[in-house]
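Architecture at a glance
Single-letter residue listing:
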Amino acid sequence: MGPQGFDDVGWTSGVGQPSYPYVAWGTAFFDMDNDTWLDILVANGHVYPQIDTLETGPRYREPLLLHRNNRDGTFDEVSKESGLAALPLHSRRGAAFGDVFNTGNIDVLLLNVGEPPSLLKNMNANGYHRVLFKLIGTKSNRAAIGARVTIRSAGVKQFSEVRGGGSYLSQNDLRLHFGLSTAKKMESVEIRWPSGKVETLENVAADAIYIIVEGSGIRTTTPLPPPAGGATNGAH
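Residues numbered from 1 in each chain as written. Predicted model: local features only at pLDDT ≥ 70, side-chain atom pairs only at ≥ 80, totals over all residues. Heavy atoms only, no water.

1. A look at the pattern of salt bridges
It is possible for side chains of opposite charge to pair when their charged atoms get near one another. Quick note on the threshold: When a carboxyl oxygen of Asp or Glu lies within 4 Å of a side-chain nitrogen of Lys or Arg, that pair is called a salt bridge. Helix and strand assignments come from DSSP, with helices taken as H or I runs of at least 4 residues and strands as E runs of at least 2, each series counted from the N terminus. With a 1.4 Å probe rolled over the protein chains alone, any residue whose accessible area is under 20% of its type maximum counts as buried; one over 50% counts as exposed, and the rest are partly exposed.
Under the criterion given, the structure shown has 6 salt bridges. Measuring nitrogen to oxygen at the nearest pair gives 2.9 Å for the salt bridge that ties R130 to D207. Residue R130 is found in strand 8 (residues 129-136), and its partner D207 is found in the loop between strand 13 (198-205) and strand 14 (208-213); the two are separated by 77 residues along the sequence. On the basis of relative accessibility, which here comes to 4%, the residue R130 falls in the buried class. Assessed through its relative accessible area of 16%, D207 is described here as buried. With a closest N to O distance of 3.6 Å, E161 and R148 form a salt bridge. Pair noted here: E161 is in strand 10 (residues 156-161) and R148 is in strand 9 (residues 148-153), with a separation of 13 residues, a long-range link.

Shown next as C-alpha cells:
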C-alpha cells in the first residue's frame, strides 16, 4: 500500500500566489471551456467594510479569480483574459454554478454583500462538445442526490456526483455537466444510483441535455445549440 495523506500543492500549482492577498468564499471546480479539464473560479471579498479606512492594504471589495487548468497539475490565473478583471469590484460571498441559459456552457451566479447579485454568462465558443444529465430517482431520492455518473469518451474517463449544496451558502445546478472536447459521443455512461442500482448506457451522443429516470433510462433528449467555433474563451 502506497503513501497516504496529502501534499499542499497550492503554491506549486500556481493557485496560491494570486489568491494570497484576498479573502476567498464561493469556489468550485468546473469545466469553463468544455475541454474535459476542470478549472477553478474563486469569489473574493473582505469581511469588514472598515478595512477601507486604512490608507494601504486590503480593500473590502475584491476581484474574482479564474484559474485555467494547464493539464499538467498547474493553473494560470486568466481573469484578465476572460474579461472578469474588468468587472466592477464587490465584496462577494456565494457562487453557484450551472448552465443557466442551456447553451452547454457553465455560468456563475455571484452573491454580492448588500448589492444585487451578478450573473456571469459563459461566452465560450471554441467548438468543443458537451453534455448535461438530469437524474430523477424513483427508488432513490427524487433529486438523485448522491448519484454518481461516470462517462468514457475518446479514451477519457470522467465522473461527477449529484450534490446537495455547493460552495459558500450556494446550491449548484443539479444537472451534471461534462465537457467532451472533440468527442462527438460517449462510448459509455454509467449511473450509480443511491439505491445501489447501476445502469449503463452505450453510444450516447454529445451536445444534448438528457433526463434519465432511475430504472427507465433516458426519458427525454433536448439538443444543445451546435458547438460554435472561432471565438475566444471567457465569461462576461
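The structure having been displayed, the exposition proceeds.
2. Points about the layout of surface pockets
Under the convention used in this document: Using a 1 Å grid laid over the protein atoms alone, points where a 1.4 Å probe fits but cannot get out form a cavity; open sets with protein on both sides within 12 Å along at least 5 of 7 lines form a pocket; any residue with an atom within 4 Å of a point counts as lining. Grid points are joined across faces, edges and corners, and a volume is the space filled by probe spheres set on the points. Throughout this entry, Asp, Glu, Lys and Arg are counted as charged residues, while Ala, Val, Leu, Ile, Met, Phe, Trp, Tyr, Cys and Pro are counted as nonpolar. The remaining residues, Gly among them, count as polar.
Of the volumes computed, that of the largest pocket is approximately 750 Å³. Taken together, 32 residues line the largest pocket, and the ones lying closest to its centre are F29, F30, L38, S160 and R163. Listed by contribution, the elements that provide at least two residues to the lining of the largest pocket are strand 1 (24-30), strand 5 (92-98), strand 10 and strand 11 (176-181). Residue composition of the lining of the largest pocket, by class: 13 nonpolar, 13 polar and 6 charged. Approximately 200 Å³ is the volume attributed to the second largest pocket. If you trace the second largest pocket, you find 16 residues lining it, with T103, N105, N124, R130 and A228 closest to the centre.

3. Considerations on the nonpolar core
Rule in force here: The definition of a nonpolar core used throughout is a set of buried Ala, Val, Leu, Ile, Met, Phe, Trp, Tyr and Cys residues joined through side-chain atoms within 4.5 Å. Contact definition: two residues touch when any of their heavy atoms are within 4.5 Å.
Ranked by size, the top nonpolar core spans 22 residues in total, and within it F133, L135, V149 and V189 carry the most contacts. At the level of elements, strand 8, strand 9, strand 11, strand 12 (185-192), strand 13 and strand 14 are the ones that each hand at least two residues to this core. Not counting the four nearest positions on each side in its chain, F133 is found in contact with V149, I151, L174, R175, L176, F178, M186, V189, Y210 and I212. Judged by nonpolar contacts, the second largest core, of 15 residues, contains A28, L84, I106 and L110.

4. Looking at a nonpolar patch on the surface
Threshold: Two distance rules govern patches: like charges are joined within 9 Å, and nonpolar side chains (Val, Leu, Ile, Met, Phe, Trp, Tyr) within 5 Å, applied only to residues with over 30% relative accessible area and no salt bridge. Each accessible area is a Shrake-Rupley estimate made with a 1.4 Å probe; only the visible protein chains count as cover when residues are assessed.
On the surface, a nonpolar cluster with roughly 340 Å² of combined accessible area is contributed by V100, F101, L109 and L119. You can see F101 is positioned in the loop between strand 5 and strand 6 (107-112).

What is shown is where atoms sit, not what they do.
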